[in-house]
Amino acid sequence: MFLFSRNTQPNAQPSRAPTRPHPLSIKDWRFSSHVAPRPPGPESNDTFIEAAIDSLARILLHPAAAANHSCSRPPPPSPAPCTAPAFTGARRLSEARVLYVALFSFEVDLLEVLLHEIEGAVERLVLVEAPFVHQRIRRKPMLWPTLVRQPRFSRFQSMVSYVQVPMQAPTADIWHGERQATRAAGRAVVELANSLGFRLDDLIVSANTDEMLSQANLLHSHISPSHTP
């Protein structure tokens, strides 16, 4: 189980004068890992791991530090065709549209970064979440249905097409879960691309939440084709 606790000084004397409340800072918190004793055996081990997963999800859904709204996004790049090595430097006959696919599990803060980064550069984010972790297909809470109701994510609701991967049977194959998530993403993307009228020269970016393209490169891809591998 993972715990957040407020930092305190032992044997601290109470202040004689009343103190003014101050905004909570991440420095005020201490992160610790508490491992409860458990009897040996696979069943008790699975129960312990599932409890730890639930505790981690609760922490991610309710962060200790407030969001920093003082950051501003950089200006968009020049509309001229890009001459970076990944691009041909030519101009497309018509601008391409982009669907961005991301497999999501526990990367809540990175998801927030990703949404801000690609906003305005993609038609839709296809967010794919499974009700299990890949290691032995243990159950995990679904985070996006709760996150989307929070102020930091609610503004992106119309931008996100959410895909829930069906629950899978336990297996020792650590890649089984990711393959099933990728298949679910593929089916959803084909349906969404057809409904949006995507053409053959439009683009689909497939990645994990922690693998993100910059807004600049996405905008360049609208007008400049990339080199074919």
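Relevant structure appears above.
What counts as what
Residues numbered from 1 in each chain as written. Predicted model: local features only at pLDDT ≥ 70, side-chain atom pairs only at ≥ 80, totals over all residues. Heavy atoms only, no water. Helix = DSSP H or I, 4+ residues; strand = E, 2+ residues; numbered from the N terminus. Buried < 20%, exposed > 50% of the residue type's maximum accessible area, 1.4 Å probe, protein only. Contact = heavy atoms within 4.5 Å. Areas by Shrake-Rupley, 256 points an atom, 1.4 Å probe, with all protein chains shown as cover. Pairing = 2+ DSSP bridges. Axes fitted to C-alpha atoms, helices over the stretch in contact; angles between N-to-C directions. Salt bridge = Lys/Arg side-chain N within 4 Å of Asp/Glu carboxyl O.

Points about the overall build of the protein chain
Scanning the protein chain from terminus to terminus reveals six helices and six strands. Going from N to C terminus, the protein chain has its helices and strands arranged as β-β-α-β-α-β-α-α-β-α-β-α. Taken across its 229 residues, the protein chain has 34% of its residues classed as buried. In the protein chain, of all internal contacts separated by at least 6 residues, the share reaching a separation of at least 24 is 79%. As displayed, the protein chain offers around 14,500 Å² of accessible surface, 58% of which is attributable to carbon and sulfur atoms.

Details of helix 6 (residues 215-223)
Restricting attention to buried positions, one finds in helix 6 the residues Q215, L218, H220, S221, H222 and I223. Buried residues along helix 6 sit against strand 3 (98-104), helix 2 (108-118) and strand 6 (203-208).

Here we look at the sheet that holds strand 5 (residues 160-164)
Think of a sheet as strands paired side by side through backbone hydrogen bonds, with each pair either parallel or antiparallel. With respect to topology, four strands assemble into an open sheet ordered 5-4-3-6, the strand pairing being parallel. In this open sheet, the two strands that pair with only one neighbour each are strand 5 and strand 6. Looking at each pair of strands side by side, their axes are set apart by 20° on average, direction ignored. In this structure, strand 3 lies alongside strand 6, joined through six bridges in parallel fashion.

Quick notes on the pattern of salt bridges
Note that side chains of opposite charge can pair when their charged atoms are close. Scanning the entire structure with this criterion turns up nine salt bridges. The salt bridge involving D109 is made with R152; its shortest N-O contact spans 3.4 Å. In this pair, D109 sits in helix 2 while R152 sits in helix 4 (residues 151-154), placing the two residues 43 residues apart along the sequence. In this structure, R199 and D201 form a salt bridge, with 3.0 Å as the shortest nitrogen-oxygen distance. Given a relative accessible area of 38%, R199 falls into the partly exposed group. Connected through salt bridges with shared partners, the residues R97, E123, R199, D201 and D202 form a single ionic network.

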